[in-house]
Amino acid sequence: EIGTMEILLLSRLKPIMVLIGKAIPYLVLSIINFILIIFLYIYLLDVAIKGSFLLLFLESILFIITCLSLGLLISNVTHSQQTAMLISMMGMMLPTLLLTGFMFPLENMPWIFQAISHLIPSRYYYIIVKAVMLKGLGFSYIWKETLILAGMTVLLLAVSLKKFKIRLS
């Protein structure tokens with residue numbers, strides 16, 4: 001991405017096309033990564049998925065798109081690649097580990113951390129994965145989390161597009 005923004009600014013591409021072009025390679029790589037992880041989960045660890053694989057796959061794509069939307073927003077508001085990487089690592093990786101319920105139960109945390117956890121997309125994906133993979137539940141049990149992730153995606157993409165237009169002018 002170093003030095004290519006000037007070329008993109010001179011092209012006839014609309015901002016939405018530039019954002020989609022930036023996100024698609026990462027989407028494809030993330031889907032391949034997901035499939036590899038599920039393959040290892042089933043065949044190496046010999047653990048069965050109790051719920052629908054298709055539902056898990058579609059929910060994972062939604063989560064990947066949500067994360068990519070957040071990444072696009074971070075890349076649009078920062079001025080250097082190093083800053084974007086630092087914000088991504090410190091701003092999202094630590095809260096994902098600590099505030100999703102994966103390592104520590106959310107119910108045992110102070111109320112302020114419980115409130116902050118509602119802003120982290122991984123919290124909802126963790127609920128979805130537990131429901132589909134471990135409990136074998138269907139969409140009727142995870143529709144709220146799906147709606148929240150979809151809403152976060154739309155909001156993050158809208159803000160990214162607006163910030164990108166501001167940078168273009």
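Conventions adopted
Residues numbered from 1 in each chain as written. Predicted model: local features only at pLDDT ≥ 70, side-chain atom pairs only at ≥ 80, totals over all residues. Heavy atoms only, no water. Helix = DSSP H or I, 4+ residues; strand = E, 2+ residues; numbered from the N terminus. Expected span 1.5 Å × (residues − 1). Buried < 20%, exposed > 50% of the residue type's maximum accessible area, 1.4 Å probe, protein only. Contact = heavy atoms within 4.5 Å.

**Q** Where do I start with the environment of Ala115 in this structure?
**A** With respect to the helices and strands, Ala115 occurs in helix α5 (residues 111–117). Remark: the alpha-carbon pair of Ala115 and Ile31, spanning 84 residues in sequence, is separated by 30 Å.

**Q** What exactly am I supposed to notice about helix α6 (residues 121–134) here?
**A** With 14 residues, α6 should reach 20 Å at 1.5 Å per residue; the first-to-last C-alpha distance of 20 Å fits that figure. For α6, a buried count of 10 out of 14 residues is recorded, marking the element as mostly surrounded by other parts of the structure. Taken together, the buried positions of α6 are Pro121, Ser122, Arg123, Tyr124, Tyr125, Ile128, Val129, Ala131, Val132 and Met133. Gly136 sits one or two positions beyond α6 and adopts a positive phi of about 75 degrees.

**Q** Any chance you could explain the side chain of Thr153 here in plain terms?
**A** Looking at the element boundaries, Thr153 is found in helix α7 (residues 139–168). On the basis of relative accessibility, which here comes to 7%, the residue Thr153 falls in the buried class. Beyond its immediate stretch of four places on either side in the chain, Thr153 contacts Leu62, Ile65, Thr66 and Ser69.

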